[in-house]
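Residue-level structural notes
If you want the building blocks of each chain, they are given just below.
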Amino acid sequence: MKFDVAIVGAGPAGLKAAIEIARAGGNVVMIDDHPHVGGKLNGQLHEEPNNGDWWIGVSIAEQLKQEALSLGITILTGTQVWSVEEGWKLFISNVDGRPLDNNMIESKALLLATGAIEKPLPLPGWTLPGVLTIGGAQVLTNQYQVKPGNRVIVVGVDILSLSIARAMKMAGADVVGIYIAPKNEFTSGISNPKELLSSFSSMTKFAPNLFMRLGGNVLKSAIGCSLAALFYPKNGMKVWDIPIHFRQSILAINGEQEVESVTLTKIDPTGNAIGESFLEKVDAVCISGGLSPQNELAAVAGCEFVRLNGLSGVVPLHDQYMQTTVEGLFVAGNITGIEGAKVASAQGVLAGSSINKYLSIGNVNEGNLERNAKQVEIVRETADITFHSEIGSARNKLQKLWEHRI
Amino acid sequence: MRIQKHPVMKIIEKEDVEFIFNDTKIIGKKGDSLASALWANGMKTLRQTEKENNSRGIYCGIGNCYDCRVYLQGSGMVRACITPIKSGMEFYSEDRGDMSS
Amino acid sequence: MPKDENYLICRCEEISLKEIKNVKNNGLTTSQEIKMATRAGMGVCQGRICRSLIEQLVAETEEGSCKLPSKLTVHHPVRPVPLGMIVNKED
């Protein structure tokens, strides 16, 4: 099977890129290992902080899918790419490793839009059935419409955990509370309430609603954060009627065969346990450790990488038009750094147009690329969701590293 | 654990799908993954670990961790979180040896 | 190490924090050495989950350019497939 462009990952970035290329006349194939396209869109359900509208990801995914099909884009679901070779050759199998009728795809350009993977947050009992990542809880609740438990706790206070805690409550679960991550060698900033509040205060786009709920201007200064952490109501503060416990954390998850309870503790403003621990009976625990780019195929493809905390991990080194250090290899979406669906979509359009120019598909010039790159910046500035307070400076560092690349 | 009503999402009653898990008949819904069908029936444990014989179920929910690995008759090893259920499928926690056919 | 401070690092191979700290105490200092000594990162998920944990335990987390995303090698196949399929690719 030969195509102009092969795209691995049919989430928002992959879908938008495919549409951009097909509209210009390119022959595209999208490959995804899930049974449906849409990636994380399929689990997304939240109220937009800026205007109160509901973002229903699965509807957006369906629209994009219909548009892709109407443009003649080939979509292979339940299919995994286990290796790639420059030139490009993609080695595929069915999602369970079994052979397909066609085990290889050839293309002139390759776009990796494989998204993110959740970072683990280990603690005693984290392997018990009933313990899910926050993303797993999101998929179960919003995509499959099954609630993770009757009595659920959420570990980790961040944009995702707040949103999904709300989704579980709407699904009828009793969300006992959202707790600070346990203090261990893997959780430095996020297990420290004072540092956590400080990081929230610099995520200005998410600020308006969260601030108003967390006490507004008090958080805008370092002193304010210390005070907030110190005087934070010991019984937590409720957001959407769910307690957020800035002064409580978890020590262990307990159960013989499945989750039965958790051991909780009060903590001081820097996250150290104080006083006696106590038990809370629950049947599910959802852990939010953060997201990280999923870059395995990029490694196999041989491109260079950059580790930047503001991008939430290691990403393929790429220029402002989404081209990596390997000829004909492009990236878009969370693989380039964690920024969420809206930025991923804008990057998809940019990557698509960049590939079009590279392959002389349609009539793309430098001006088009500049406009699409500018659009990514605009979406970044106005998006309601930010995953890391240093995303802007990280993007600048990335560009400098590109300019001085090895 | 199946959601009955929801303030924003449309909850549509889907048709039943009958399948087997460890020799037990389970009824899920069309569109379920094996993981969601079992979870809706209150079953979170999917297998026991090889070394310590500890229970495991889904963890990442999107096919990355392989903790939800079970065996499908006619296929072999599958991940419960991304395997859609179909009528008549037979799943087992352990590899029974001749699973590929 | 108190029992309540011990937990698994590698879920696939069931390798605990205590086991990794033991090999570190015996002088191993890189993620690749820890992987070879304990099997952490060598399970069916191919290190996808525990790679970042092992890296944090040996402080292989510096910002900046790198030729590879991790000192723990990532090579094909990036998902488990039968040996026959890999061999056929080489033809």
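Predicted model only: the values in this text are computed from it and were never measured.

1. A closer look at the interface of chain C and chain B
At the interface, 13 residues of chain C touch 14 residues of chain B. Taken over both partners, the interface formed by chain C and chain B buries close to 1100 Å², and the fraction arising from carbon and sulfur atoms is 47%. On the chain C side of the interface with chain B, the three residues burying the most area are R11(C), E14(C) and V44(C), jointly 53% of the side's total. Linking chain C to chain B there are one salt bridge. One salt bridge connects D67(B) with R11(C), and the closest N-O pair in it is separated by 2.6 Å. Viewed at the interface, chain B and chain C are joined by seven residue pairs in polar contact (both at pLDDT 80 or more). Of the residues contributing to the side of chain C that touches chain B, the split by class is seven nonpolar, no polar and six charged.

2. Quick word on the interface of chain A and chain B
Each partner contributes residues to the interface: chain A has 42 residues there, and chain B has 38 residues. Counting the surface chain A buries against chain B, the share from its top three residues, Y144(A), Q145(A) and M170(A), is 18%. Along the contact surface separating chain A from chain B lie zero salt bridges. Remark: the boundary between chain A and chain B carries 15 residue pairs in polar contact (both at pLDDT 80 or more). Within the residue set of the side of chain A that touches chain B, elements represented by two or more residues are β4 (54-56), β9 (116-118), β10 (131-133), α3 (134-143) and α4 (159-170) of chain A. Sorting elements by how many residues they give to the side of chain A that touches chain B places α3(A) first, with six residues. A breakdown of the residues in the side of chain A that touches chain B according to their chemical character gives 21 nonpolar, 14 polar and seven charged.

3. Considering the UniProt feature "domain: BFD-like [2Fe-2S]-binding" (unreviewed entry) in chain C
As recorded in UniProt, the sites labelled "domain: BFD-like [2Fe-2S]-binding" (unreviewed entry) are residues 8-60 of chain C. Note that residues 8-60 of chain C is 45% helix and 9% strand, and that its end C-alpha atoms are spaced 20 Å apart.

4. Considerations on the packing of aromatic side chains
Residues and elements named next belong to chain A. With the rule as written, the count across this model stands at four aromatic pairs over all chains. Where W82 meets F91, the ring centres are 5.6 Å apart and the plane angle is 45 degrees; that geometry is what we call tilted. The buried category is assigned to W82, whose relative accessible area is 1%. Residue classification places F91 among the buried residues on the basis of a relative accessible area of 6%.

5. Considerations on the layout of surface pockets
Left-over empty space is what a probe sized like a water molecule reveals as it rolls over the atoms. Residue and element names in this part refer to chain A. There is about 990 Å³ of room inside the second largest pocket. Per-element accounting of the lining of the second largest pocket gives the leading share, five residues, to helix α2 (residues 57-70). Looking at the lining of the second largest pocket, its residues break down into twelve nonpolar, ten polar and nine charged.

6. Considering the environment of T263(A)
Mapped onto the secondary structure, T263(A) falls in strand β15 (residues 261-267). Look past the residues within four positions of T263(A) in its chain and what remains in contact with it is S249(A), I250(A), L251(A), A252(A), N254(A), S277(A), F278(A) and L279(A).

7. Looking at the sheet that holds strand β1 (residues 16-21) of chain B
All names here are of chain B. Strand order in the open sheet formed by five strands is β2-β1-β7-β5-β6, with mixed pairing between adjacent strands. Both outer strands of the open sheet, β2 (24-29) and β6 (76-79), are each paired with one neighbouring strand and no more. Here the strands of the sheet are splayed against their neighbours by 40 degrees on average, with no regard to which way each runs. Sheet topology note: the β1/strand β7 (residues 90-92) ladder contains two bridges and is parallel. Within β7, the position partnered with F21 by the bridge is F91.

8. Points about the packing of α3(A) against α4(A)
All names here are of chain A. The N-to-C vectors of α3 and α4 enclose an angle of 30 degrees; their axes lie 10 Å apart at closest approach. It follows that α3 is roughly parallel to α4 by the angle criterion. Between α3 and α4 lies a crossing of left-handed hand. Together, I134, A137, Q138, T141 and N142 of α3 and L160, S161, I164, A167 and M168 of α4 make up the contact between the two elements. Taken together, the residues of the contact of α3 with α4 break down into six nonpolar, four polar and no charged.

Conventions used here
- Residues numbered from 1 in each chain as written.
- Chains lettered and ligands numbered in written order.
- Predicted model: local features only at pLDDT ≥ 70, side-chain atom pairs only at ≥ 80, totals over all residues.
- Heavy atoms only, no water.
- Contact = heavy atoms within 4.5 Å.
- Buried area = accessible area lost by both parts, 1.4 Å probe.
- Salt bridge = Lys/Arg side-chain N within 4 Å of Asp/Glu carboxyl O.
- Polar contact = N/O pair within 3.5 Å; in protein donor to acceptor, adjacent residues only side chain to side chain.
- Nonpolar A, V, L, I, M, F, W, Y, C, P; charged D, E, K, R; others polar.
- Helix = DSSP H or I, 4+ residues; strand = E, 2+ residues; numbered from the N terminus.
- UniProt positions renumbered as here; feature names shortened; annotations may be inferred.
- Phe/Tyr/Trp six-rings, centres within 6.5 Å; stacked < 30°, edge-to-face > 60°.
- Buried < 20%, exposed > 50% of the residue type's maximum accessible area, 1.4 Å probe, protein only.
- 1 Å grid on protein atoms, 1.4 Å probe; cavity = no way out; pocket = protein on both sides within 12 Å on 5 of 7 lines; lining within 4 Å.
- Points joined across faces, edges and corners; volume = space filled by probe spheres on them.
- Pairing = 2+ DSSP bridges.
- Axes fitted to C-alpha atoms, helices over the stretch in contact; angles between N-to-C directions.
- Parallel < 35°, antiparallel > 145°, perpendicular 65-115°, else oblique.
- Left-handed = near helix turned anticlockwise from the far one by under 90°.

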